[in-house]
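These are the residues of each chain, in order.
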Amino acid sequence: MALKPIRKKRLFEEIILAIEKYIEEENIKPGQKLPSENELTDIFNVSKTAVREAMSVLHANGIIETRPGLGIFLKEMEGETIAQRVTKNLIEKVALQEILEFRRGIEVEAAALAASRATDEDLYLIRQAHEKLVEANQNGLLGVEEDYMFHYSIILAAHNSIYKEVFENVSNKFEEGIRISKMQSVKVPGRFLESHGEHEEVIQSIVQRDGMKAMEAMRNHLLRNEKKIWRILNGDKM
């Protein structure tokens, strides 16, 4: 039985990144006019509702402003990218730190348990989740849901009911941490490929039934991810 997505994908994230790319390609400067919501709907071939949600997020984060009768204009962001501005405001740093610490606390041990307890079906689902993530990234998508399913598959493969229950109870916060990471990774050259390689190391360790190696591979993956997140949030250059 294949795992089912827990929630619908939030399309506005992809639209925000598409808008950022459009601004770069069209060399739109602060103070200049952006396409209307209807025009963006046609450009990206998405629903008006999704575009409206994306524009609402951009407006709330001070990235655009609407001038009645004139249109939508890009605001000055003082060196930040759109993705950086949005992700900085998605969650408080203290809450983010707690999410990242929780992930290390549960996922590292879960990887070791999966190495000794995973069934053939578990291994298939872990691999399938990873392949879907790679495909999503290759298609220019963030892959938030796909990344979530990869890590959730490993939790399930640990066959510990308490791990599963706790993980599911904080799934929304966990997903928010992934969202922040993914939106920042877009601006780090090669980071998606690096992350794919780290996932492969975790998978191979579990397949080889090497618990210690699986723990180390997962810990390395999470710590590298944390380092990237804090460097960007603190305004350091990558």
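Residues numbered from 1 in each chain as written. Predicted model: local features only at pLDDT ≥ 70, side-chain atom pairs only at ≥ 80, totals over all residues. Heavy atoms only, no water.

Topic: the overall build of the protein
- When helices and strands are tallied, the protein shows 11 helices and three strands.
- Each helix and strand of the protein, placed in order from N terminus to C terminus, yields the pattern α-β-α-α-β-β-α-α-α-α-α-α-α-α.
- Contacts spanning at least 24 positions in sequence make up 74% of the contacts within the protein whose residues lie at least 6 apart.
- Counting only carbon and sulfur atoms, one obtains 50% of the accessible surface of the protein, whose full area is about 12,300 Å². (Helix = DSSP H or I, 4+ residues; strand = E, 2+ residues; numbered from the N terminus. Contact = heavy atoms within 4.5 Å. Areas by Shrake-Rupley, 256 points an atom, 1.4 Å probe, with all protein chains shown as cover.)

Some points on helix α7 (residues 144–157)
- Compared with an ideal rise of 1.5 Å per residue, which puts 14 residues at 20 Å, α7 spans 20 Å between its outermost C-alpha atoms and is within 8% of the ideal.
- Burial analysis of α7 places 14 of its 14 residues in the buried class, the great majority of the element. (Expected span 1.5 Å × (residues − 1). Buried < 20%, exposed > 50% of the residue type's maximum accessible area, 1.4 Å probe, protein only.)

Comments concerning the layout of surface pockets
- If you add up the space inside the largest pocket, you get close to 340 Å³.
- Examining the composition of the lining of the largest pocket, we find that eight residues originate from one element, helix α1 (residues 11–25), more than from any other.
- For the lining of the largest pocket, a count of residues per class yields 10 nonpolar, three polar and five charged. (1 Å grid on protein atoms, 1.4 Å probe; cavity = no way out; pocket = protein on both sides within 12 Å on 5 of 7 lines; lining within 4 Å. Points joined across faces, edges and corners; volume = space filled by probe spheres on them. Nonpolar A, V, L, I, M, F, W, Y, C, P; charged D, E, K, R; others polar.)

Quick word on the pattern of salt bridges
- The tally for this structure, following the rule as stated, stands at 10 salt bridges.
- Among the salt bridges present, the one from R219 reaches E216, with a minimum N-O distance of 3.2 Å. Here R219 pairs with E216, and both are found in helix α11 (residues 211–233), just three residues apart, close to one helical turn.
- Where salt bridges share partners, they join E194, E198 and R224 into one cluster. (Salt bridge = Lys/Arg side-chain N within 4 Å of Asp/Glu carboxyl O.)

A few points about the side chain of E14
- For E14, the location among the structural elements is in helix α1.
- Look at E14 and you get buried, because its relative accessible area is 11%.
- Apart from residues lying up to four places away in sequence, E14 is in contact with G140, L141, L142 and G143.

Brief notes about the packing of α1 against helix α2 (residues 37–44)
- At a closest axis distance of 12 Å, the pairing of α1 and α2 adopts a crossing angle of 95 degrees. Put simply, α1 runs roughly perpendicular to α2. Residues I15, A18, I19 and Y22 of α1 pack against L40, I43 and F44 of α2.
- Considering only residue class, the contact of α1 with α2 consists of seven nonpolar, no polar and no charged. (Axes fitted to C-alpha atoms, helices over the stretch in contact; angles between N-to-C directions. Parallel < 35°, antiparallel > 145°, perpendicular 65-115°, else oblique.)

Section: the nonpolar core
- Of all hydrophobic cores here, the largest spans 59 residues; its most connected members are I16, M55, L58, I63, I82, I154 and I206.
- A per-element tally of this core places α7 first, with nine residues.
- If sequence neighbours within four positions are ignored, I154 has contacts with A110, A111, A114, I126, V202, I206 and M218. (Core = buried A, V, L, I, M, F, W, Y, C linked by side-chain atoms within 4.5 Å.)

Topic: the sheet that holds strand β2 (residues 64–67)
- If you trace the three strands from one edge of the open sheet to the other, you get β1-β3-β2, paired in antiparallel fashion. Since the sheet does not close on itself, it has two edges, and those belong to β1 (33–34) and β2, each with one partner.
- Across the sheet, helix α3 (residues 48–60) touches β2 and β3 (71–74), and the angle it forms with β2 is around 105 degrees. (Pairing = 2+ DSSP bridges.)

What to know about unusual backbone geometry
- Non-glycine residue N27 carries a positive phi angle of around 55 degrees.
- As for its placement among the helices and strands, N27 is situated in the loop between α1 and β1.
- Judged by relative accessible area, N27 falls into the partly exposed class, the value being 47%.
- The backbone of N45 sits at a positive phi, close to 55 degrees, despite the residue not being glycine.
- Turning to its location among the elements, N45 is positioned in the loop between α2 and α3.

None of this, on its own, says anything about what the molecule does.
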